[in-house]
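Summary of the model geometry
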There are 2 protein chains.
Amino acid sequence: MDLKSFIEVQPDSHFPIQNLPYGVFRTAPDLPPRPGVAIGEYVLDLSEIASAGLFDGPLLKNSDCFNQPNLNKFLSLGRPAWKEARATLQKLLSSTEPTLRDNEALRLKSLIPLKQVNMVLPVAIHDYTDFFSSMHHAKNCGTIFRGPVDPIVPNWFHLPIAYHGRASSIVISGTEIVRPRGQSRPVGDSPPPFGPSAKLDFELEMAAVVGTGNLLGKPVDINEAEDHIFGLVLMNDWSARDIQAWEYVPLGPFLGKSFGTTISPWIVTLEALEPFKCDAPKQDPAPLPYLTEKESKNYDISLEVRIRPAGESDAHIVSKSNFKHLYWTLPQQLAHHTVNGCNLQPGDLLGTGTISGPEPESLGCLLELTWNGEKPLELANGLHRKFLEDGDEVVFTGQCEGDGYTVGFGTCAGKILPSAEEKDLINYKS
Amino acid sequence: MDLKSFIEVQPDSHFPIQNLPYGVFRTAPDLPPRPGVAIGEYVLDLSEIASAGLFDGPLLKNSDCFNQPNLNKFLSLGRPAWKEARATLQKLLSSTEPTLRDNEALRLKSLIPLKQVNMVLPVAIHDYTDFFSSMHHAKNCGTIFRGPVDPIVPNWFHLPIAYHGRASSIVISGTEIVRPRGQSRPVGDSPPPFGPSAKLDFELEMAAVVGTGNLLGKPVDINEAEDHIFGLVLMNDWSARDIQAWEYVPLGPFLGKSFGTTISPWIVTLEALEPFKCDAPKQDPAPLPYLTEKESKNYDISLEVRIRPAGESDAHIVSKSNFKHLYWTLPQQLAHHTVNGCNLQPGDLLGTGTISGPEPESLGCLLELTWNGEKPLELANGLHRKFLEDGDEVVFTGQCEGDGYTVGFGTCAGKILPSAEEKDLINYKS
């Protein structure tokens, strides 16, 4: 691609002009958060661009959608407005366009070094749903928990299985995660053991951010489902396997997941991901008509998981996977979610579930990588992990390789803090 | 009780001065919704009372919590503010207090006949959790789905099992419910059948409305849990049993529930329910320390379910149950929910799960009442139901009998509309 910005972008940057992911940032704790796009080592403040009257297309010129503390209003405007914003911003940032390039005052106001900002959650997330769309993950979990005979439950090949997750505990990359306490399965007639989780895990996921919603009682057609998705983020669905294993029958995961879910700050749009579409896996049996797409596509997004133990400067790669391994596509997930009439809203998050590939090194969680702790994973010489230890930082990255540029997601990181002591368990009273 | 209002309250009214439940209402579609309390046949407009400067206690006199489109801000202020508001309102409405009684202009502005208002959701619900706290319901469902041997799963007696529900599809009483479509379990090697649910059910529940929340990573102590609960509403967790049965293994209920959940408009406060506390069932085995209460209490709330078929004027009673049958108490539910560090927020909803009692007539859903459709229920002479039919209206009521007065919840009602036709499935585009 010849498209180039007047802002210098390093070849390995995740944020060239071809990407322009959306996030929400603060420059000081007492200033309101505002929307921006990442470009190289900078964030472009969209509230300043809007104030300067530079969103001059028909859909955005009178909108206050960038003078908001989150992206929900912009997302609710729909794909035509998203395309208009992208065209405006790509033009404004291009090397041949003088409007911003040659306006030093506006450049100083609107382009802020990424190192000087704090990112916050880009959207107000009303509801968060987590799917279970990797066949390899479903097979491995089934084998570990229920044995090698028919490890994948019979419904799995007919519908994208999902559960409702906890929205309140979704946090932005960089937030520390307190090791949860809880019950685990008792031995014999003893009471269930209670204490800090001994099987704390990450889950390598991505999540779709819903753009436009649908009304209650009005399902979204499978071939229009993609238009309801604004973009993707990286997601770590932290999991306490011991708590989960004891509680999840019959109503599904609850406290084993609800203590924290981390997302990356930058939403990469489907427009930026368009060049990286690839064929989705062939589905057998054929899905029912309401899940049958005219064209069934995934995205080729390389994913990597690293663990940095406490006090170490080096992070060790523990998994390399790819979004393209998912069996159920994003439009199928969204169409299924609404087929009963359930209403989605702008900013809702649809997690993919753990993205495991077919190879041993492409498994997306320690449960699979260590086979439930049976085979410790070597991080480095003499350093092993069955599950996460206090002080471990887990870092996800994701990127698509273009012709001379990279469309990346940045990182999704979180560090484990020790479980709260009783004395620290002071209630929040406002 | 001698407490009496200057407003006439019929002896069978749910809303005497001893109750004063909170709701949010509109008087016209173009006017903003505002908080009120119900008194007899009227709603008292709290925004008018606040504007008149009559919330003169130290916690509320400078607050704008009643000039809001929902109760979340008021709820976030905590129990001392809730007690102050109750004391102010009980005094203001009492027969011996002239301030409002003798001010005709203020009375006309602030007291609006209930028949002239439309109720809306009283709180912005960020997260909705549904528990599974009735032993009778757990036993009956287990027997129906898995057989009579050990029908209750082993974890059930150790922890209040719950799942995350869908918050977006929670609607106010009176909202029509579209029969959901979905997959159900296939026979043999056939593809799963797809279509309108043939096993549409109600679930008789109540839900706690969270007042003050807790910070992520900071569990709430069991003996402080009650202080985080503002009050209770009636809740109908509509369920499509055929969709649910096929999808729910291994991650729990999803589309079988997420098409609609109805709550009653009036939140009855724990203060109003205080006289109706009763001993909770003895728990065996004893709960773990984090679930052990100094005093374990339920509430004696009579519940009733009626079905009114399409075109009929009469509704037929199909169940009589009571909140006191619940095995796990509200504080236990809330303490368990947060023990892993999960954060609750003002306005979160904690459903109890279906409230079934021990008697055949006290079962809280058609699944149990008709034993999964095997034994049709007689509504009236010649009129039977296995599950709900199009046009059926389901009405819940709940009330506590005081000495000469009733503290009631009003009604929680919803009517079933036929499943959407393909031609009606137009996507929402804003």
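Along each chain, residues carry numbers from 1 onward, in the same order as the chain's sequence is written. Whichever chain is written first becomes A and whichever ligand is written first becomes 1, with later ones labelled in order. Two thresholds apply to this predicted model, a pLDDT of at least 70 for residue-level local features and 80 or more for giving and counting side-chain atom pairs, whereas whole-chain, interface and lining totals are computed over all residues. Excluded from the side-chain calculations are hydrogens and water; all other atoms, namely the structure's heavy atoms, are used.

Quick notes on the domain arrangement of chain A
Residues and elements named next belong to chain A. Convention followed: Note that domain bounds follow an automatic or database assignment of domains. Throughout, a residue-residue contact means that at least one pair of heavy atoms, one from each residue, lies within 4.5 Å. The term buried area denotes the loss of accessible surface (1.4 Å probe radius) that occurs when two parts are joined, taken as the sum for both partners. What makes a salt bridge here is a side-chain nitrogen of Lys or Arg within 4 Å of a carboxyl oxygen of Asp or Glu, nothing more. For helices the rule is a DSSP run of H or I covering at least 4 residues; for strands it is a run of E covering at least 2, with both sets numbered from the N terminus onward. Residue polarity follows a fixed list, in which Ala, Val, Leu, Ile, Met, Phe, Trp, Tyr, Cys and Pro are nonpolar, Asp, Glu, Lys and Arg are charged, and the others, Gly among them, are polar.
Taken domain by domain, chain A holds domain 1 (22–120) and domain 2 (128–427). Averaged C-alpha coordinates put domain 1 and domain 2 at centres separated by 30 Å. In this assembly, 20 residues from domain 1 lie in contact with 18 residues from domain 2. Carbon and sulfur atoms make up 67% of the area that domain 1 and domain 2 hide from each other, which totals about 1,500 Å². For domain 1, the biggest contributors to the area lost against domain 2 are Tyr22, Leu75 and Arg79; these three give 40% of the whole. Counting every contact that joins domain 1 to domain 2 gives 3 salt bridges. Where Arg79 meets Asp227, a salt bridge forms, and the shortest distance between an N and an O atom there is 3.8 Å. Elements represented by at least two residues in the side of domain 1 that touches domain 2 include exactly strand 1 (22–26), strand 2 (34–39), helix 2 (72–76), helix 3 (79–93) and strand 5 (118–120). Broken down by class, the residue content of the side of domain 1 that touches domain 2 amounts to 12 nonpolar, 5 polar and 3 charged.

A short note on the interface of chain A and chain B
What counts here: In protein, a polar contact means a hydrogen-donor-capable atom and an acceptor-capable atom, both N or O and within 3.5 Å, with residues adjacent in sequence counting only if both atoms are side-chain atoms; elsewhere, any N or O pair within 3.5 Å suffices.
Listed as interface residues are 73 residues of chain A and, on the opposing side, 73 residues of chain B. For the pair chain A and chain B, the summed buried area comes to about 6,600 Å², and 60% of that belongs to carbon and sulfur atoms. The interface formed by chain A and chain B holds 4 salt bridges in total. Residue Arg166 of chain A is joined to Asp348 of chain B by a salt bridge in which the shortest nitrogen-to-oxygen separation is 2.7 Å. Counting across the chain A and chain B interface gives 22 residue pairs in polar contact (both at pLDDT 80 or more). Of all elements in the fold, only strand 7 (162–165), strand 10 (181–183), helix 7 (241–247) and helix 9 (330–338) of chain A reach the threshold of two or more residues within the side of chain A that touches chain B. Of all the elements, strand 7 of chain A adds the most residues to the side of chain A that touches chain B, at 4 residues. Looking at the side of chain A that touches chain B residue by residue, the class counts come to 38 nonpolar, 24 polar and 11 charged.

Digging into the relation of the copies chain A and chain B
Relating one copy of the chain to the other takes a rotation about an axis and a shift parallel to that axis. Selection criterion: To line up the copies, we fit them by least squares on C-alpha atoms, keeping just the residues with pLDDT of at least 70 in both.
The two copies are related by a screw operation: chain A maps onto chain B through 180° of rotation and 0.0 Å of translation along the axis, at an RMSD of 0.0 Å. Expressed as a symmetry operation, the mapping of one chain copy onto the other fits a two-fold axis. Residue Gly252 of chain A of chain A places its C-alpha closer to the rotation axis than any other residue of that unit, at 2.1 Å.

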